[in-house]
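Results of the structural survey
Chain by chain, the residues:
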Amino acid sequence: MSQINKSARQILAPILSNKRVGQYHQIIVSVGDIAAHCKPGNFVAISVGGDSSRMVLRRAFAISRVSTSSTVGGTMELIVAPHGQGSKWLCAQGEGVTLDIVAPLGTAFGIPTESVPVLLVGGGYGSAPLFGLAEILNARGCRVDMILGASTGSKIYAPMEGKRSVNSMRIYTEDGSMGTAGRVTDPIPEIIKDLNVAVIYSCGPMPMLAAITKITNEHEVVHQCAVEESMACGIGICMTCVLPVSNDDGTVSMLRSCIDGPVMDGSKVLWQQVGTQL
Amino acid sequence: MTTVDFSTTIGNAWFPAPTFTASGCASSGRELAQFFPLKDMGGVVTKSVMSKARAGRPTPRMAETPSGMLNSIGLQGPGIDAFLAKDVPYLVEQKARIIVSIAGETVEEYSTLARKLRSVSGISAIEVNISCPNVENRGLVFACDPEASRRVIDGVRRTIGGELPIIAKLSPDVTDLVSIAKGVVEAGADGLALINTVLGMVINLDSMRPHLGGKTGGLSGPAIRPIAVRAVYQVHAALPQTPILGMGGIASGKDALEMILAGASGVSIGTASFGNPTAIMSIQAELKQLLLDRGFTSLKQAVGFAHRSIEGE
C-alpha cells in the first residue's frame, strides 16, 4: 500500500462554528472519522472561493486541535488569520457552509517516549497547533513550558484554556505591546539550561525556526519544527514546497514540506540554503 | 445507447480511458494512489526524468495567478536510474498504464535516456519533453527551434526502434506551432502532447523583484485553456492522423470534451489535480456522460468533431 498521504481523505465537511477571536477566526469543522487520524503538526488542505473561484489551489492550514468526543462526532479546530484572498474567504464562511477538505496531511510532531522537559515556541500565527500538542505532552508526563512571540500583541494567539496544559507561558513582542519587549528566541538558551529542556517544538516563520535551530545545535537539544513554505497541492505532487535537507550520507535533498514535513528535524534543514540554487 | 467505448490509442498503445496525468503533476504516482486506484485512469504520464538526479530551481517555486498558477520547478528528479529502479516498478505493480516522460539538455541526453528505456517492460509510450520552460537557458528549449526539435525526436526514434510510441511535448510559445509539429512527426513522433505551460512572470510588490526563485515560470490552469484548445485545433487541422494528448487547464468533463472536439485523442490533467486530488476521476465520469448525452458511441467519434462542417453532419 501507499505510505504517502496514508491517512488522508477528501471529504465535504460542514462548518459548525466560526468565531472571531481578536485578529483570528476560530473555525470548527465537522470531520467525522478523520479527527481520529489527526495528530498535532498535521495540516488540512481546503478548497477556497466556491465553484466559480479564480483561486484554483487549495489553502493549507495547520490543524490546531481535534476532538473525537463531542456529540456531533469528530471535529477539527482551525485558527485562521484573514490576510490573503483564500483565508479571507474562509473566515467569511458561516455555520453550515460545507468545505471541501483533504486531511490529515503531512508529518506530526514526535512525542517523547519518556517524560522529559520540553519547550514549545510559537511565532505569530503559528502558535495554534502548539496548544493541542501541549495537552498530549502533558498527558505523557512531560513538563511543558511555552513561549510565544510576535511583532505586536494583537498577533499573539494564546487562548485562556491553552494555559491549563502548560507549566508556564511567556510572551514576547518586538514592540513591547504585550509581555516582554524582544524576540521569542532571546530567552531560549537560558530556559534550556534552567529547565534541562530535551526537546523544543516550534511553529512559526522560517527565520524564527532557523534562529532556534542555531541555539538547539549549540545545546544538543532536539528541535522539531513545523516549516512554512508556499505549496500548490499539499499532497506531494507539485514539488513547489521543497526545502534543502541534509541526508545521513552527507548529500542534500530538496524535500517536500507537505509530505516530508511540515514537521522536520530542524538540525537537518539547511536554513542558509533555503531559496538558493543547490 | 447506454455505453460508450472510452478507449483511445496513441501509436500502437491502447488505453482504456482517454484521461492521463500531466507530466510533472503526479510526482511518482504514490501520492495520488491514496485517493484513487491509478489503474482507473487512462495512464500516468510520469514527471520528466533526466539522466542524473537534479535539485531543481530555488524556492519560491510557485505563485497563484487568476485561474491559474506559475511554477518554476526546474525538473527536480531522481535521475533515470533511480526512477527505473523505484518508480516504474511501483506503477507496474499498481497496474497503471505508463507513459515515461524524458527531458535532456542535449540531443545526446535524450538518446541516452531512450536507450535506458528501450528494454524496460510495462511502458506504453515515451513522452519526449522538449518544451520545459524552466531551464536556465531559453536556448535549450528545443521546441522553440524546429530543427532542434526534429533532431531530438530523430535521435530518440533511432535509439528505441519502431515499437514504442513517441509523443513529442511541444511549447505554445512559438510563432508557428504547426510547422514544429510537422517537423517532429516527420522525424518519427507518433503523437503530440499539447501544450506545455506558457512562460510567465509575477513581480512581488513587497520586494519589487520577480517573485519566483527562477524569475520566470510556466503558467498553467484554466487561464491557458483557450490557448491549448487553439493549439490542438490548429495542429489537428494540419495533421488529422496524428494523435494528440491535449492539456492546458482542463478542470472538468466539459473542458475535456472541448479539447477532444478540437482534435485531442486524450487529455492530461495537471493543475486541476493540485486543487483536487480526485479531479481526474470526476473529469473522467463527466466526460463519459457528456459523450453519451451527445449521442457518441465512442470517444473516437468525437475526436476533432469541431472541424466538421455543419453540412457534413
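Residues numbered from 1 in each chain as written. Chains lettered and ligands numbered in written order. Predicted model: local features only at pLDDT ≥ 70, side-chain atom pairs only at ≥ 80, totals over all residues.

What follows covers the overall build of chain B. Of the regular secondary structure elements, chain B holds 10 helices and 16 strands. Whereas a compact globule of 313 residues would reach a radius of gyration of roughly 20 Å, chain B reaches 18 Å, a difference of no more than 12%. Per-residue burial for chain B yields a buried fraction of 60% across its 313 residues. The contacts of chain B with a sequence gap of at least 6 include a subset with a gap of at least 24, amounting to 73%. (Helix = DSSP H or I, 4+ residues; strand = E, 2+ residues; numbered from the N terminus. Rg over C-alpha atoms; globule rule 2.2 N^0.38 Å. Buried ≥ 20, exposed ≤ 12 C-beta atoms within 10 Å, placed from the backbone. Contact = placed C-beta atoms within 7 Å.)

Residue and element names in this part refer to chain A. The strand order across the open sheet built from seven strands is E11-E10-E9-E8-E12-E13-E16, with neighbouring strands paired in mixed fashion. Strand pairing shows two members of the sheet lacking a second neighbour, strand E11 (180-181) and strand E16 (263-265), which therefore form its edges. Both strand E13 (residues 222-226) and E16 contribute to a ladder of three bridges, which runs antiparallel. Residue pairing in the sheet places Gln 224 in a bridge with Asp 265 of E16. Running over the sheet, helix H5 (residues 206-219) touches strand E8 (118-123), strand E12 (199-203) and E13 and is turned about 175° from E13. (Pairing = 2+ DSSP bridges. Axes fitted to C-alpha atoms, helices over the stretch in contact; angles between N-to-C directions.)

Residue and element names in this part refer to chain B. Relative orientation of the contacting elements helix H6 (residues 225-238) and helix H7 (residues 253-262) amounts to 25°, with a least axis distance of 8 Å. Comparing their axes, H7 and H6 come out roughly parallel. Here H6 contributes Arg 225, Ala 228, Val 229, Val 232, Tyr 233 and His 236 to the contact with H7, which in turn contributes Asp 255, Glu 258, Met 259 and Ala 262. Looking at the contact of H6 with H7, its residues break down into six nonpolar, one polar and three charged. (Parallel < 35°, antiparallel > 145°, perpendicular 65-115°, else oblique. Nonpolar A, V, L, I, M, F, W, Y, C, P; charged D, E, K, R; others polar.)

The next thing to look at is the interface of chain A and chain B. Counting from both sides, the interface comprises 30 residues of chain A and, opposite them, 34 residues of chain B. In the side of chain A that touches chain B, the residues fall into 16 nonpolar, 10 polar and four charged.

Side chains that are nonpolar tend, in soluble globular proteins, to be buried together. In this structure, A:Val44, B:Ile126, B:Val128, B:Ile167, B:Ala168 and B:Val232 are the most contacted members of the largest nonpolar core, which totals 194 residues. With residues up to four places along the chain from it excluded, the contact list for B:Val232 reads B:Leu194, B:Ile244, B:Gly246, B:Met259, B:Ala262, B:Gly263 and B:Ala264. (Core = buried A, V, L, I, M, F, W, Y, C linked by C-beta atoms within 7 Å.)

The pLDDT averaged across chain B works out to 95; a share of 96% of its residues lies at or above 70. This complex was scored by the predictor with a pTM of 0.94 and an ipTM of 0.94. (pLDDT = per-residue confidence, 0-100.)

Turning to the sheet that holds strand E5 (residues 62-65) of chain B, a few remarks are in order. Residue and element names in this part refer to chain B. Across the sheet, four strands lie side by side as E5-E6-E14-E11; this open sheet has antiparallel pairing. Every interior strand has two partners, whereas the edge strands, E5 and strand E11 (198-200), have only one. Between one strand axis and the next, the sheet turns by 35° as a mean value, whatever way the strands run. Here three bridges tie E11 to strand E14 (residues 217-220), and the two strands are oriented antiparallel to one another. Each residue of the ladder has a partner; that of Leu 199, found in E14, is Gly 218.

Here we take up helix H4 (residues 146-160) of chain B. For the α-helix, the turn length of 3.6 residues means that residues three or four positions removed from each other point alike. Residue and element names in this part refer to chain B. Given a rise of 1.5 Å per residue, 15 residues ought to cover 21 Å, and the 22 Å separating the end C-alpha atoms of H4 matches this to within 8%. All of the buried residues along H4 are Ser 149, Arg 150, Val 152, Ile 153, Gly 155, Val 156, Arg 157 and Ile 160. Each element contacted by the buried residues of H4 is listed here: helix H3 (107-118), strand E8 (123-129), strand E9 (166-169) and helix H5 (177-186). Residue Gly 161 follows H4 closely and has a positive phi angle near 80°. (Expected span 1.5 Å × (residues − 1).)

Any two packed helices are characterised by how steeply their axes cross, that is the angle between the axes, and by the distance between the axes. All names here are of chain B. In the contact formed by H7 and helix H9 (residues 279-293), the axes pass within 7 Å of each other and the chain directions differ by 60°. When the interaxial angle is binned, H7 and H9 end up oblique. In the crossing of H7 with H9, the sense of the turn from one axis to the other is right-handed. The residues of H9 that touch H7, namely those facing Gly 253, Lys 254, Ala 256 and Leu 257, are Ile 283, Glu 286, Leu 287, Gln 289 and Leu 290. For the contact of H7 with H9, the class distribution of residues is five nonpolar, two polar and two charged. (Left-handed = near helix turned anticlockwise from the far one by under 90°.)

Two faces, one strand: in a regular strand the side chains alternate between the faces of the sheet. Residue and element names in this part refer to chain A. Pairing of strand E1 (residues 9-21) with strand E7 (residues 98-105) involves six bridges; the strand directions are antiparallel. If you follow Ile 11 over to E7, its bridge partner there is Ile 101. Both E1 and strand E2 (residues 24-30) contribute to a ladder of six bridges, which runs antiparallel. In the sheet register, Lys 19 faces E2, and the bridge partner there is Gln 26. Taking the residues that link successive antiparallel strands as the turn, the E1-E2 hairpin has two residues, and the phi of Gly 22 there is positive, at about 60°.

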